[in-house]
Amino acid sequence: MGASALPIIIFSAIFGVVGIVLPIVAPKGPNRGWLCCYMAQMNPLIGPKLHQNTILIMAPLIIPKNATVKSQDINSKSQRLMLEHGLIRQAGNGTFYLLPLLQRSLQKAIDLIDRHMEAIGAQKMTLPLLTSAELWKKSGRLKANEGGTPTELLQTTDRHGKVQILGPTHEESITSLLAAIAPVTYRQFPLRLYQISTKFRDEMKPRFGLMRAKEFLMKDLYTFDVDREGCRDTYESVNEAYGRLFGEIGVPFVKVAGDCGTMGGSLSHEYHFPSEVGEDQLIRCTRCGLHSNAELFPAVSEQCKSCISSETVERQAGIEVAHAFILEERYTKPLGATCLAANGKPAPLQMGCYGIGVTRLLAASIEVLSSEKEIRWPAALAPYRVCLITPKAGSKEETQAVPWIGKLYNDLQTVPNCTGEVIVDDRTQLTIGKRLLDARKLGYPVIVIVGSKAISEEMFEVHNVTDGTEVNLSYGDTLTAVGEILASKSAKHQHSTVQNQCGNKAAQEVL
């Protein structure tokens, strides 16, 4: 046995002793089970003995009992709820730990985005987090004398004095890759490449939790075509995919004409969740239906620039969750990314870029849907869709309920939209009422209680958290009801997709 294994053996032995002794010596009380279970999970000799879908090692181990969050540090409802209920924990100014429950929702968002990107032929890859400042100077986004100068760009200088950018976007990086293999024959295009990775922005004043942080997760898609017509076709295709994606998520959204800003290019659209917390002002013409970011309107104008209507336009605040740009030759020409055209000559590639703020998407969804005290999720992003609550320890129902819990858990796996989506709250030291309150606060769409009625009458208490209703049902009807509740949420999302696609048509035509 090698010496390198010795620390692992010592670590295992320590946790083995503690894991065995702790249940004996741990003081009685509501926190005893949590600590013992946590140690069992950490013990590499004993290993987890609990059900694989248990919440025993989540929020209560991260947030001390009766923990309070300083009100002066809170800028939004979603930030407060996510901190209070153990979804995130602040690490520093503008940086956060994403805790297990939120990580599960994050993975769902990633999987959803992957599926919609693959549907339009996009290929996933990974670009370096660090990009040479020289590339940014070549593209013109960094002036020749700005290397190392404090800006929103997070920069670092290596031991050789080279300035690197921890990028908020990667246009320069992906274009330099295409330039390195150029020229490629026109027959290889269109090309659609995307990544989902950590991005950085040196915010002067981070706020709203994950909605404006220094470090965030973003999906960025870069497309390359041989001509402008193909670039526009790609733009339409990606925007249609975005419409389907946000429709499936189910949070009300609006697509608006956007400002190309520092990104450059000729055309831009944004996707927003309407919310009073949003930092963007959105314009809608009551006559022609145009949707636009207020940045495109003259500061003093209240007239629609599309139909020149004298009617007052409507304004609403929005949280931007996605953006699309046609960049044309903005980056490909200065960085030398070309294709070999049909005439045999090299020509600059026509480029587009399309971003989705993945961590912002989660926070914005919570911001829009939640109440002041309880998180509400879109069904597609809920960490679990069904929560089962078991009887309290020591109750007369505890032993008799065990077969029902196992059967219900297994049978729910066969219900549409429910496979792998069931979590069992087996914190039996707490009352059913306390766990029901916690489940509502965490926003599980459906809660099923296996209580005294399950034993005496074979009736189960089913809570539809989204519409606030509860019913007592037989076992078979419980399975049917859960399926119907989850199916109805999917149907609502599809209806939302149609409404948003129709309502945002004017935004597509504005430029």
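No experiment lies behind these values; they were computed from the predicted model shown.

(A) Structural view of helix H11 (residues 398–412). Taking 1.5 Å of rise per residue, the 15 residues of H11 would be expected to cover 21 Å, and the 21 Å separating its terminal C-alpha atoms lies within 8% of that figure. Residues of H11 that are buried include every one of Ala401, Trp404, Ile405, Leu408, Tyr409 and Leu412, and no others.

(B) Quick look at the pairing of strand E5 (residues 154–157). Strand direction decides the pairing type here: E5 and strand E6 (residues 163–166), joined by 4 bridges, are antiparallel. Across the sheet, residue Leu154 finds its bridge partner in E6, namely Leu166.

(C) Spatial organisation of the sheet that holds strand E20 (residues 446–449). Pairing is mixed across the open sheet formed by 5 strands, whose spatial order is E19-E18-E20-E21-E22. Single-partner strands in this sheet number two, and they are strand E19 (422–425) and strand E22 (469–474). Averaged over neighbouring strand pairs, the angle between their axes works out to 25° when direction is ignored. Lying over the sheet, H11 contacts strand E18 (386–389), E19, E20 and strand E21 (459–464), oriented at roughly 170° with respect to E18.

(D) Representation of the nonpolar core. Of all hydrophobic cores here, the largest spans 67 residues; its most connected members are Tyr242 and Phe246. By size, the runner-up hydrophobic cluster in this structure holds 25 residues, among which are Ala401, Trp404, Val450 and Ile485.

(E) Local environment of the packing of aromatic side chains. Enumeration over the complete set of coordinates arrives at 10 aromatic pairs. Where Tyr235 meets Tyr354, the ring centres are 5.9 Å apart and the plane angle is 40°; that geometry is what we call tilted. A residue pair is termed long-range when its members are at least 10 positions apart, and Tyr235 in helix H8 (residues 228–249) and Tyr354 in strand E17 (residues 350–357) qualify at 119 residues. Residue class for Tyr235 comes out buried when judged on its relative accessible area of 1%. Here Tyr354 falls in the buried class, since its relative accessible area comes to 1%. When the ring of Phe460 is compared with that of Tyr475, the centres are 5.7 Å apart and the planes differ by 65°; the resulting orientation is edge-to-face. Linking Phe460 in strand E21 with Tyr475 in helix H14 (residues 475–503), this pair joins segments that are 15 residues apart in sequence.

(F) Highlighting the sheet that holds E5. With antiparallel pairing, the 3 strands of this open sheet are ordered in space as E4-E6-E5. One side of each edge strand has no neighbouring strand; the edge strands of this open sheet are strand E4 (130–132) and E5. Taken pair by pair, the neighbouring strands of this sheet meet at an average axis angle of 40°, ignoring direction.

(G) Representation of the pairing of strand E10 (residues 254–257) within the structure. What you see with E10 is no split at all: Val254 and Val256 on one side and Lys255 and Ala257 on the other are buried throughout. Here E10 pairs with strand E11 (residues 267–274) via 4 bridges, running antiparallel. Each bridged residue has a counterpart across the sheet, and for Ala257 the counterpart in E11 is His269.

(H) Highlighting the pattern of salt bridges. Enumeration over the complete set of coordinates arrives at 24 salt bridges. The salt bridge partner of Lys214 is Asp202, with a shortest N-O separation of 3.9 Å. With Lys214 in the loop between strand E8 (191–200) and strand E9 (215–225) and Asp202 in the loop between E8 and E9, this residue pair connects regions lying 12 residues apart in the sequence. Note on Lys214: relative accessible area 24%, which makes it partly exposed.

(I) Spotlight on the environment of Asn93. Mapping Asn93 onto the fold places it in the loop between strand E1 (88–92) and strand E2 (95–98). Using a relative accessible area of 49% as the deciding quantity, one classes Asn93 as partly exposed. A C-alpha to C-alpha distance of 8.2 Å links Asn93 and Ala213, two positions 120 residues apart in sequence.

(J) Structural context of unusual backbone geometry. Ala182 connects to Pro183 through a cis peptide bond whose omega is -5°. Of note, Phe208 is a non-glycine position whose phi angle comes to about 65°, a positive value. Looking at where Phe208 falls in the secondary structure, it is placed in the loop between E8 and E9. The residue Glu458 is not glycine, and still its phi comes out positive at about 55°. Its place among the elements puts Glu458 in the loop between helix H13 (452–456) and E21.

(K) Examining helix H7 (residues 171–180) more closely. Burial analysis of H7 places 7 of its 10 residues in the buried class, the great majority of the element. Listing the buried residues of H7 in full gives Glu171, Glu172, Ser173, Ile174, Thr175, Leu178 and Ala179.

Reading the values: rules and limits
- Residues numbered from 1 in each chain as written.
- Predicted model: local features only at pLDDT ≥ 70, side-chain atom pairs only at ≥ 80, totals over all residues.
- Heavy atoms only, no water.
- Helix = DSSP H or I, 4+ residues; strand = E, 2+ residues; numbered from the N terminus.
- Expected span 1.5 Å × (residues − 1).
- Buried < 20%, exposed > 50% of the residue type's maximum accessible area, 1.4 Å probe, protein only.
- Pairing = 2+ DSSP bridges.
- Axes fitted to C-alpha atoms, helices over the stretch in contact; angles between N-to-C directions.
- Contact = heavy atoms within 4.5 Å.
- Core = buried A, V, L, I, M, F, W, Y, C linked by side-chain atoms within 4.5 Å.
- Phe/Tyr/Trp six-rings, centres within 6.5 Å; stacked < 30°, edge-to-face > 60°.
- Salt bridge = Lys/Arg side-chain N within 4 Å of Asp/Glu carboxyl O.

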